[in-house]
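# Descriptive structure summary
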Amino acid sequence: MTLQWTAVAFFLYAEIALNLILCIPFISARRWRSVFSWRIWNWLTPYWNKCFFTMIMVLIVLFLDAVREVQKYSGAEPMHDVKINPNLFDNVHMKLFRAQRNLYISGFSLFLWLIMRRTVTLLNQVAVTVDNSAGLQAQMDSAVKAAKQHQDDNLRLKQALLNEEKAMSAKNQVLKLDSEKLADQVKTSEQAVRKSYAEVEAMKRQAKGLAQEYDRLLTEHNQLQNVKSGDKKDL
């Protein structure tokens with residue numbers, strides 16, 4: 001294996017290891033996001049996209065080269081040479097095997113490189129979604145708590161209004177009874193006043209009759225006095 005394909009193979013092994021680490025179930029997305037927030041990644045961020053696309057271009061070139069080699073050693077010309085010289089059979093198949101191996105190495109390296117970037121992006125998105133869902137859950141819990149508090153306040157207010165309505169109804173009943181008693185008392189007072197007026201009128205008539213009787217008696221008395229005075233003068 002040449003130096004470049006040895007480097008691609010080690011790169012493939014490193015990709016496999018990194019993807020397996022990223023897929024470990026007991027490491028949460030929020031922890032990975034905290035790891036991706038380290039200062040070293042912030043420092044490498046300006047170079048990350050350039051490195052990513054450079055590796056893609058290199059792997060594509062190597063993949064195309066491996067495809068060319070596979071087509072070269074699986075074509076009709078090498079098979080024709082094998083037929084002419086049977087000693088070349090093992091050599092051609094060895095080169096075809098190497099070309100196919102290089103094709104698989106470069107293809108899987110390119111595939112895992114894209115998968116790793118997508119996995120990191122999805123882990124960040126999942127972490128952001130988890131944080132947002134935690135915030136939304138906290139807001140929902142506070143909203144539910146506030147709604148429950150409002151419901152309890154409304155129940156207490158309804159109970160207070162009901163109690164006050166009962167108290168007002170009792171007060172109105174008492175006031176109604178008091179008004180009925182006052183109406184009876186007013187009626188009784190009116191009857192007593194009318195009776196008093198009748199008694200006063202009777203007393204007035206009686207006093208008038210007494211005054212007339214007194215005047216009559218006084219007139220008779222005066223007449224008797226005048227008669228007695230005249231008799232004395234005649235004597």
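Residues numbered from 1 in each chain as written. Predicted model: local features only at pLDDT ≥ 70, side-chain atom pairs only at ≥ 80, totals over all residues. Heavy atoms only, no water.

A few words now on the UniProt feature "transmembrane region" (unreviewed entry) in the protein. Sequence positions flagged by UniProt for "transmembrane region" (unreviewed entry) are, in local numbering, residues 7-27 and 47-64. Helix and strand shares over residues 7-27 are 76% and 0% respectively, and the end C-alpha atoms of the span are 29 Å apart. For residues 47-64, the helix share is 100%, the strand share is 0%, and the end-to-end C-alpha distance is 26 Å. (UniProt positions renumbered as here; feature names shortened; annotations may be inferred. Helix = DSSP H or I, 4+ residues; strand = E, 2+ residues; numbered from the N terminus.)

Here we come to the layout of surface pockets. Its boundaries defined by the atoms lining it, the second largest pocket holds a volume of some 220 Å³. Lining the second largest pocket are 13 residues, with Thr2, Trp5, Arg98, Arg101 and Asn102 positioned closest to its centre. The dominant element in the lining of the second largest pocket, judged by the number of residues it contributes, is helix H5 (residues 89-234), at five residues. Of the residues belonging to the lining of the second largest pocket, the class tally is five nonpolar, three polar and five charged. (1 Å grid on protein atoms, 1.4 Å probe; cavity = no way out; pocket = protein on both sides within 12 Å on 5 of 7 lines; lining within 4 Å. Points joined across faces, edges and corners; volume = space filled by probe spheres on them. Nonpolar A, V, L, I, M, F, W, Y, C, P; charged D, E, K, R; others polar.)

Quick look at the side chain of Asn19 now. As for its placement among the helices and strands, Asn19 is situated in helix H1 (residues 3-22). Judged by relative accessible area, which is 9%, Asn19 ranks as buried. Leave out the neighbours within four places in its chain, and Asn19 touches Leu112, Ile115, Met116 and Thr119. (Buried < 20%, exposed > 50% of the residue type's maximum accessible area, 1.4 Å probe, protein only. Contact = heavy atoms within 4.5 Å.)

End to end, H1 covers 28 Å across 20 residues, agreeing with the expected 28 Å (1.5 Å per residue, within 8%). Trp5, Val8, Ala9, Leu12, Glu15, Asn19 and Leu22 are the residues of H1 that are buried. End-on, the buried residues of H1 take up no more than an arc of 150°, which puts them together on one face. When the buried face of H1 is taken as reference, the exposed residues oriented beyond 90 degrees from it are Leu3, Phe10, Tyr13 and Leu20. (Expected span 1.5 Å × (residues − 1). Arc of directions from axis to C-beta.)

Moving on to the packing of aromatic side chains. By the definition in use, this model includes four aromatic pairs. Relative to Phe53, the ring of Phe52 lies with its centre 5.4 Å away and its plane at 75°, an arrangement referred to as edge-to-face. Judged by its relative accessible area of 4%, Phe52 falls in the buried class. Judged by relative accessible area, which is 48%, Phe53 ranks as partly exposed. An aromatic cluster of at least three residues, connected via ring pairs, comprises Phe11, Phe52, Phe53 and Trp113. Across the ring face of Phe52, the terminal group of Arg117 is positioned such that the distance to the ring centre comes to 4.3 Å. (Phe/Tyr/Trp six-rings, centres within 6.5 Å; stacked < 30°, edge-to-face > 60°. Lys NZ or Arg CZ within 6 Å of the ring centre and 35° of its normal.)

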